[in-house]
Amino acid sequence: MMTRFKSLLLSLWLGHSQGLSVSPVTAINSNQLQAEKSKLLDLLQATPKEDPVLADPLTKESLTISTTSPFLGGSRYSRQTFTLQSPSNTYRGTSGTFLDLLQPAGEDNSTESSLFKTVVPLIPPPLRSAMAGMNDEYIPMRDLFTSPSVSFAYERGWRQGFRAAGFPGPDQEAEMAMAYFAPSMAKSDDKVLVDMSCATGLFTRRFAASGKYSRVLGCDYSDSMLLEAGRRIRAEPSLLTSKSTKLDLIRLDVGRIPMKDNSVDALHAGAAMHCWPDLDAAMSEIYRVLKPGGRYFATTFLSSYFGNLQRAEGGASGPSKQAFQYFGSVEEIRFLLVSGGFQRENIVIEVLGNACVVIRCEK
Ligand SMILES: C[S@@+](CC[C@H](N)C(=O)[O-])C[C@H]1O[C@@H](n2cnc3c(N)ncnc32)[C@H](O)[C@@H]1O
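Everything numeric here is computed off the predicted structure, so don't read it as measured data.

## What to know about the pattern of salt bridges
- In total, this model carries 22 salt bridges according to the counting rule given.
- As a salt-bridge pair, Arg251 and Asp100 come within 3.6 Å of each other at their nearest N and O atoms. Of this pair, Arg251 sits in strand β8 (residues 246-251) while Asp100 is found in strand β5 (residues 99-100), placing the two residues 151 residues apart along the sequence.
- Residue class for Arg251 comes out buried when judged on its relative accessible area of 7%.
- The partner of Arg232 in a salt bridge is Glu228, with the nearest N and O atoms 3.0 Å apart. Residue Arg232 and its partner Glu228 are located together in helix α9 (residues 223-234), separated by four residues, close to a single helical turn. Glu228 matches Arg232 in its accessibility class, with the two residues each being buried.

## Some details on the packing of helix α11 (residues 279-289) against helix α14 (residues 330-340)
- Axis separation between α11 and α14 bottoms out at 8 Å; the angle between their running directions is 55 degrees. When the axes of α11 and α14 are compared, the pair comes out oblique. In the packing of α11 onto α14, the handedness of the crossing is right-handed. In this structure, α11 contributes Leu279, Asp280, Met283, Ser284 and Tyr287 to the contact, and α14 contributes Leu336, Leu337 and Gly340.

## A short note on empty space enclosed by the protein
- The full count for this structure, using the stated rule, is one cavity of 30 Å³ or more.
- Approximately 360 Å³ is the volume found for the largest cavity.
- Looking at the largest cavity, it is lined by 29 residues, and the ones nearest its centre are Phe145, Ser197, Asp220, Ala272 and Cys275.
- Every element with two or more residues in the lining of the largest cavity is listed here: α5 (140-143), β6 (192-196) and α8 (202-210).
- Class assignment for the residues of the lining of the largest cavity results in 19 nonpolar, five polar and five charged.

## Let's talk about the site of the ligand
- Inspection of the region around the ligand gives 20 residues, with Tyr154, Arg159, Ser197, Asp220 and Gly270 positioned closest.
- Contact between the ligand and Tyr154: an oxygen atom at 2.4 Å from a side-chain N or O atom of the residue.
- At a separation of 2.8 Å, a nitrogen atom of the ligand approaches a polar backbone atom of Gly270.
- The protein chains hide 100% of the 600 Å² of surface that the ligand would expose on its own.
- With respect to the pocket detection grid, the ligand is positioned in the largest cavity.
- Taken together, the residues of the shell around the ligand break down into 13 nonpolar, three polar and four charged.

## Thoughts on the pairing of strand β11 (residues 347-352)
- By the bridge criterion, six bridges tie β11 to strand β12 (residues 356-362) in an arrangement that is antiparallel. Within β12, the residue paired with Glu350 across the bridge is Val358.
- Where β11 folds back onto β12 in an antiparallel hairpin, the turn is made up of three residues, including Gly353, whose phi is positive at roughly 60 degrees.

## Here's the deal with the state of the cysteines
- For the structure shown, the criterion picks out zero disulfides.
- In this structure Cys219 is a free cysteine whose sulfur lies 6.5 Å from that of Cys198, the closest cysteine sulfur available.

## Things to note about the layout of surface pockets
- Taken as a whole, the largest pocket encloses approximately 880 Å³ of empty space.
- Along the wall of the largest pocket there are 27 residues; nearest its centre are Gln80, Phe82, Lys246, Leu247 and Asp248.
- Contributions of two or more residues to the lining of the largest pocket are made by β1 (49-55), β2 (62-68), α9, α10 (238-241) and β8.
- Here the lining of the largest pocket is composed, by residue class, of 11 nonpolar, nine polar and seven charged.
- Composition of the lining of the largest pocket by domain shows at least three residues from each of domain 1 (49-96) and domain 2 (148-362).

## A few points about the packing of aromatic side chains
- With the rule as written, the count across this model stands at 14 aromatic pairs.
- Ring centres 5.1 Å apart and planes at 80 degrees place the aromatic pair Phe162 and Phe301 in the edge-to-face group. Linking Phe162 in the loop between α6 (148-158) and α7 (170-186) with Phe301 in strand β10 (residues 290-301), this pair joins segments that are 139 residues apart in sequence.
- Between Tyr296 and Phe342 the ring centres are 6.2 Å apart and the planes differ by 15 degrees, which places this aromatic pair in the stacked class. With Tyr296 in strand β10 and Phe342 in the loop between α14 and β11, this residue pair connects regions lying 46 residues apart in the sequence. The exposure classification of Tyr296 matches that of Phe342, with both residues buried.
- Feature note: the residues Phe145, Tyr154, Trp158, Phe162, Phe167, Phe301 and Tyr305 constitute an aromatic cluster, connected by ring pairs.
- We note Arg295 situated over the ring of Tyr180; from NZ or CZ to the ring centre the distance is 4.3 Å.
- Directly above the ring of Tyr287 sits Lys363, whose terminal nitrogen or CZ lies 4.8 Å from the centroid.

## A closer look at the nonpolar core
- Judged by nonpolar contacts, the single largest core of 87 residues is most densely connected at Met273, Trp276 and Tyr296.
- No other element matches α7, which puts seven residues into this core.
- A domain split of this core shows at least three residues from each of domain 1 (49-96) and domain 2 (148-362).

Rules behind the numbers
- Residues numbered from 1 in each chain as written.
- Predicted model: local features only at pLDDT ≥ 70, side-chain atom pairs only at ≥ 80, totals over all residues.
- Heavy atoms only, no water.
- Salt bridge = Lys/Arg side-chain N within 4 Å of Asp/Glu carboxyl O.
- Helix = DSSP H or I, 4+ residues; strand = E, 2+ residues; numbered from the N terminus.
- Buried < 20%, exposed > 50% of the residue type's maximum accessible area, 1.4 Å probe, protein only.
- Axes fitted to C-alpha atoms, helices over the stretch in contact; angles between N-to-C directions.
- Parallel < 35°, antiparallel > 145°, perpendicular 65-115°, else oblique.
- Left-handed = near helix turned anticlockwise from the far one by under 90°.
- Contact = heavy atoms within 4.5 Å.
- 1 Å grid on protein atoms, 1.4 Å probe; cavity = no way out; pocket = protein on both sides within 12 Å on 5 of 7 lines; lining within 4 Å.
- Points joined across faces, edges and corners; volume = space filled by probe spheres on them.
- Nonpolar A, V, L, I, M, F, W, Y, C, P; charged D, E, K, R; others polar.
- Near = heavy atom within 4 Å.
- Polar contact = N/O pair within 3.5 Å; in protein donor to acceptor, adjacent residues only side chain to side chain.
- Areas by Shrake-Rupley, 256 points an atom, 1.4 Å probe, with all protein chains shown as cover.
- Sits in = over half its atoms within 2 Å of the grid points.
- Pairing = 2+ DSSP bridges.
- Disulfide = S-S within 2.5 Å.
- Domains from an automatic or database assignment.
- Phe/Tyr/Trp six-rings, centres within 6.5 Å; stacked < 30°, edge-to-face > 60°.
- Lys NZ or Arg CZ within 6 Å of the ring centre and 35° of its normal.
- Core = buried A, V, L, I, M, F, W, Y, C linked by side-chain atoms within 4.5 Å.

Structural data, given as structure tokens:
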């Protein structure tokens, strides 16, 4: 009797009948168990996949992304971590922050330099230029926006100030960009949109919410801007649960875009070109990543706006003098786009109000 009981227990445990009747339900459960087990294993050790758009910023080789599940070594509330691997370099990211494709993992800026960049925007302008001279790595037009205080203020008033130059405001600007992108999107199967220098994601969120694109990549140099963008995206959960649009935040340098040649249908750069330290590199890179027929929509300022700003700030030592590129004329901007690779006849530039330049061009 005891032996038969032991054998029953053993057969139930092993899931074999061994001459005893085991109901079909038990057999199905065992199969289901196996399936669940293998799903769980897949989840824990997701197979690395090549990203169709992203590339190593240094070598432009393809990147394979692997994901470490939050279940491994953490609670279910912890973040997924991503490893992006090219044959030459490794990059990292987390689901709660961004994919860092500015530099290979482990080659972060020194703490001293990061601290310097954070503190400089808080220093009064006349002292700021003297201090910036002490640190060769500080590039004002790029690093002004790495300050958490600027990132905090950006959508809380800073951006509204652009109306004085003739900017219509984010809602209308987003509509203008999406209308221009529509024909290139209509021809595309994968509908990839890049929001370059997205800052706090004010346009990234509008583009993603529109449901018009399969993938939206919000990209910026500034980690504090991207963290603020992430916070604002998480406050709109529908952006993260959308089945139609994949949304990524990427840290990068526009002068070394971590994307494949001919991989992007449309690239938006709102109020950003005047902030890019190497405009020639940026324009060649934008041209390179756009698909043939892909479209670029950008807004920027004519330098007359900064002249007014400088006078208001009390002279040429103000932060605008240090922080921005100057575009004296529309012709200057057209020349820049042509140098980047765009055909002159595919470029349309208009000026709104005093100094808001709107650029539309097709590759
Ligand atoms: C004035 S904000 C524009 C934000 C937003 N697109 C808009 O329309 O309001 C300029 C942005 O350019 C980013 N930026 C500066 N240098 C950059 C670079 N080298 N690569 C990418 N982004 C850069 C800054 O971090 C900042 O977030």
